[in-house]
Amino acid sequence: MSADSTDEGLPTDGTAVVVGASLAGLRAAETLRAEGFEGRLLLVGDELHLPYDRPPLSKQVLAGTWPPERVVLADRSKLDAMRIEAMCGQGAIALDPVGRRITLEDGSVLEADGVVIATGASPRRLPGTEGNEAVGVLRTLDDAAALRARVLAHGPGCRVVVVGAGFIGSEVASTCAGLDCKVTVLEAMPTPLAPAVGEQIGAALATLHASAGVELRTRVGVTAVHPPDGPADGQPAEGAPAPGAAGWVVLTSGEWLAADVVVVGIGVRPNTAWLEDSGLELADGVVCDGSLFAADAVTAAGDLARWRWRRDGLDESVRIEHWQVAAEMGVAAARSLLAGRRRAPAFDPVPYFWSDQYGVRIQVLGRPDPADEVAFVDGSAEEGRYVALYGRQGRLRAALAVGRPRKLMAFRPLLAAGASWQEATSLPLD
Amino acid sequence: MRVIVDFDLCESNALCMANAPEVFEVRDDDFLYVLQEEPPDSLRPKVEAAARACPKAAITIVD
């Protein structure tokens, strides 16, 4: 196919392959089909499960209030109805973006007229803990099931050490506290969630942990996790973890913490290893233009997509790991593919994310920067329910609410319109 | 056009309200209220945006 014809967009009777069968990939496939693509449509994913929703994993699935199958986003009958061929348990290992050829783990090759890359990200692990099965992460349905089984096997009083007080770590701590575990959260920064919401709000959110009896320790790192049968030098005389437990968590302070289970939530890395020889530009993600194209007829969406975002005089290369952004990017990546590179509109979302922890909902619109100015416009940290705004350079950049969904949403049109800090902070809230 | 919300799925994220405040309202009790179950066609783009924005896909539009 010539470069000219790819500029015209994906031929509606061609073949489209979406690599990555989680939220962004599924939304991309659904959108292709819903918006006029009539050809062969493949959705390739390395997990054995059908596309499923991740936010409930650290909450309802870990808590056991939902059966795991409830997280499925699209079952076989729904996929069949949309004529989406889901290939589960099939990782991609290489892409030729010029010929649009995708090589799968089993050596087979798929040829496509259009490709959406949506292989997501994988959790970072603590170095030296490979092989210790009681040191886990929480990203997949299998991770959540394994963690739940391990916590239940230890029973009430299970000593859970959570490394990292980000959103995943905080939610896991909250859920484990609800399962009668004795939970300790370790955070290297001065407050939880500091990179996401800044230290002022982070300090306000830190109190949630204590309210549920969870011990939060900040400004502390982990130097090692020694299995129960590991080296005894420096080991405390009492409280030794039983065989099968995670072992001793050794802190940068020199202290040893006994842990039955360790959960590591220290961020993710984009899954781009399979693209290393593709010739696509990779830089902490797949580098895309403003319309999510990584190459002609190749778009990317979700946690691994880094796109050129121009708005309000800013021109940034950003990669965002939020559920809502992944969902919207999946839609946008499909539309870009259908429209072709010349005509595709820019991807310009109002980022949104939420977190449920300790019975409280935290919601954030926009993109807070830890260096932003912060103003409370409703409630206060003391009350535990509030709306706070983030501003920089005279502009509203983000709005955060704790237990205030209605008032938060008043700021969405302002964020979409690029409102001034003055206008935002003087908005009347009923 | 008829708006149907699956309240077993709804988590009151309130994104629907941000997109179509004429139709959806999350009140201080944190529950979603549908203000117009059969909104006029002039609101269709907003209601469709609201349905797409819902993180739980709890909103459906029936014609």
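Quick caveat: nothing in here was measured; it's all calculated off a predicted structure. (Residues numbered from 1 in each chain as written. Chains lettered and ligands numbered in written order. Predicted model: local features only at pLDDT ≥ 70, side-chain atom pairs only at ≥ 80, totals over all residues. Heavy atoms only, no water.)

Undergrad: I'd like a description of the overall build of chain A, backed by residues and values.
TA: Across its full length, chain A carries eleven helices and 27 strands. Taken against the 2.2 N^0.38 rule, which gives 22 Å for 430 residues, the C-alpha radius of gyration of chain A at 23 Å falls within 12% of a compact globule. Looking at chain A as a whole, 57% of its 430 residues qualify as buried. Pairs at least 24 apart in sequence give 62% of the contacts found in chain A among residues at least 6 apart. Accessible surface computed for chain A: about 17,400 Å², of which carbon and sulfur atoms make up 49%. Side chains of chain A give 40 positive and 55 negative charges; the mean places of these two sets differ by 4 Å. (Helix = DSSP H or I, 4+ residues; strand = E, 2+ residues; numbered from the N terminus. Rg over C-alpha atoms; globule rule 2.2 N^0.38 Å. Buried < 20%, exposed > 50% of the residue type's maximum accessible area, 1.4 Å probe, protein only. Contact = heavy atoms within 4.5 Å. Areas by Shrake-Rupley, 256 points an atom, 1.4 Å probe, with all protein chains shown as cover. Lys, Arg positive; Asp, Glu negative; His and termini not counted. Charge placed at Lys NZ, Arg CZ, Asp CG, Glu CD.)

Undergrad: Describe in detail the interface of chain B and chain A, supporting the description with residues and values.
TA: Across the boundary between the two partners, chain B contributes 18 residues, which contact 19 residues of chain A. Note on chain B versus chain A: buried area summed over both sides is about 1,600 Å², and carbon and sulfur give 46% of it. Considering only the surface of chain B that becomes buried against chain A, Glu-11, Asn-13 and Asp-28 of chain B emerge as the three largest contributors, covering 28% of it. Counting across the interface, chain B meets chain A through two salt bridges. For the salt bridge of Lys-56 of chain B with Asp-53 of chain A, the shortest nitrogen-to-oxygen distance reads 3.2 Å. The tally of links between chain B and chain A comes to six residue pairs in polar contact (both at pLDDT 80 or more). Of all elements in the fold, only α1 (15-19) and α2 (44-53) of chain B reach the threshold of two or more residues within the side of chain B that touches chain A. The element contributing the most residues to the side of chain B that touches chain A is α1 of chain B, with four residues. Looking at side-chain class alone, the side of chain B that touches chain A contains eight nonpolar, three polar and seven charged residues. (Buried area = accessible area lost by both parts, 1.4 Å probe. Salt bridge = Lys/Arg side-chain N within 4 Å of Asp/Glu carboxyl O. Polar contact = N/O pair within 3.5 Å; in protein donor to acceptor, adjacent residues only side chain to side chain. Nonpolar A, V, L, I, M, F, W, Y, C, P; charged D, E, K, R; others polar.)

Undergrad: Quick one: what's the story with the domain arrangement of chain A, residue by residue and with numbers?
TA: Interface size is commonly expressed as the accessible surface area that is lost when the partners come together. Residue and element names in this part refer to chain A. The assigned domain composition of chain A is domain 1 (3-122 + 268-339), domain 2 (135-264) and domain 3 (359-425). Measuring from the centre of the C-alpha atoms in domain 2 to the corresponding centre in domain 3 gives 30 Å. Taken together, the contact pairs ten residues of domain 2 with 13 residues of domain 3. In this assembly, domain 2 packs against domain 3 so that about 880 Å² is buried in total across both faces, 72% of it on carbon and sulfur atoms. Three residues, Val-197, Gln-200 and Ile-201, lead the burial of domain 2 against domain 3; their summed loss comes to 44% of the area buried on that side. Seen at the junction of domain 2 and domain 3, the total is zero salt bridges. Scanning the region where domain 2 abuts domain 3 turns up one residue pair in polar contact (both at pLDDT 80 or more). Partitioning the side of domain 2 that touches domain 3 into residue classes produces eight nonpolar, two polar and no charged. (Domains from an automatic or database assignment.)

Undergrad: Can you lay out the nonpolar core for me, pointing to particular residues and giving the numbers?
TA: Most often, soluble globular proteins keep nonpolar side chains buried together rather than apart. By size, the foremost hydrophobic cluster in this structure holds 104 residues, and its most contacted members are Leu-32, Leu-95, Ile-102, Ile-117 and Trp-307 of chain A together with Phe-24 of chain B. Considering each element in turn, this core owes the most residues, eleven residues, to helix α8 (residues 323-339) of chain A. In terms of domain composition, this core takes at least three residues from each of domain 1 (3-122 + 268-339) and domain 3 (359-425) of chain A. When neighbours within four sequence positions are excluded, Leu-32 of chain A is seen to be in contact with Leu-10, Ala-16, Val-18, Phe-37, Leu-41, Ala-334, Leu-337 and Leu-338 of chain A. Among the nonpolar cores identified, the runner-up in size contains 44 residues, and Val-151, Val-360, Ile-362 and Ala-398 of chain A belong to it. (Core = buried A, V, L, I, M, F, W, Y, C linked by side-chain atoms within 4.5 Å.)

Undergrad: Which residues make up the packing of aromatic side chains, and what are the values?
TA: Residue and element names in this part refer to chain A. Overall, the coordinates contain seven aromatic pairs over all chains when judged by the stated rule. Residues Tyr-352 and Trp-354 carry aromatic rings whose centres are separated by 6.0 Å and whose planes lie at 20 degrees to one another, so their mutual orientation is stacked. Neither Tyr-352 nor Trp-354 differs from the other in exposure class; each is buried. Residues Phe-376 and Tyr-386 carry aromatic rings whose centres are separated by 5.2 Å and whose planes lie at 65 degrees to one another, so their mutual orientation is edge-to-face. (Phe/Tyr/Trp six-rings, centres within 6.5 Å; stacked < 30°, edge-to-face > 60°.)

Undergrad: So what about the sheet that holds strand β15 (residues 256-259) of chain A? Which residues, and what values?
TA: For sheets, the rule is that strands pair by backbone hydrogen bonds, running either parallel or antiparallel. All names here are of chain A. Read from one edge to the other, the open sheet built from three strands follows the order β13-β14-β15, with strand pairing classed as antiparallel. On the outer flanks of this sheet lie β13 (222-226) and β15, each paired with one strand and no other. Looking at each pair of strands side by side, their axes are set apart by 25 degrees on average, direction ignored. Note: strand β14 (residues 247-251) against β15, four bridges, orientation antiparallel. (Pairing = 2+ DSSP bridges. Axes fitted to C-alpha atoms, helices over the stretch in contact; angles between N-to-C directions.)

Undergrad: Describe α8 of chain A, naming the residues involved and giving the relevant values.
TA: Residues and elements named next belong to chain A. Look at α8: 24 Å from first C-alpha to last across 17 residues, which is about the 24 Å you get at 1.5 Å a residue. In terms of burial, α8 is largely enclosed, as 15 of its 17 residues are buried. Positive phi shows up at Gly-340, right after α8, with a value of about 90 degrees. (Expected span 1.5 Å × (residues − 1).)

Undergrad: Give me helix α2 (residues 23-34) of chain A: which residues, what numbers.
TA: All names here are of chain A. For α2, built from twelve residues, the straight-helix expectation of 16 Å at 1.5 Å per residue is met to within 8% by its first-to-last C-alpha distance of 16 Å. Summarising burial for α2: eleven of the twelve residues are buried, a large majority. Looking only at α2, the buried set comprises Leu-23, Ala-24, Gly-25, Leu-26, Arg-27, Ala-28, Ala-29, Glu-30, Thr-31, Leu-32 and Arg-33. Buried residues in α2 make contact with β1 (15-19), β2 (40-45), α4 (76-81), β7 (114-117) and α8. Positive phi appears at Gly-36, one or two residues downstream of α2, with a value of about 110 degrees.

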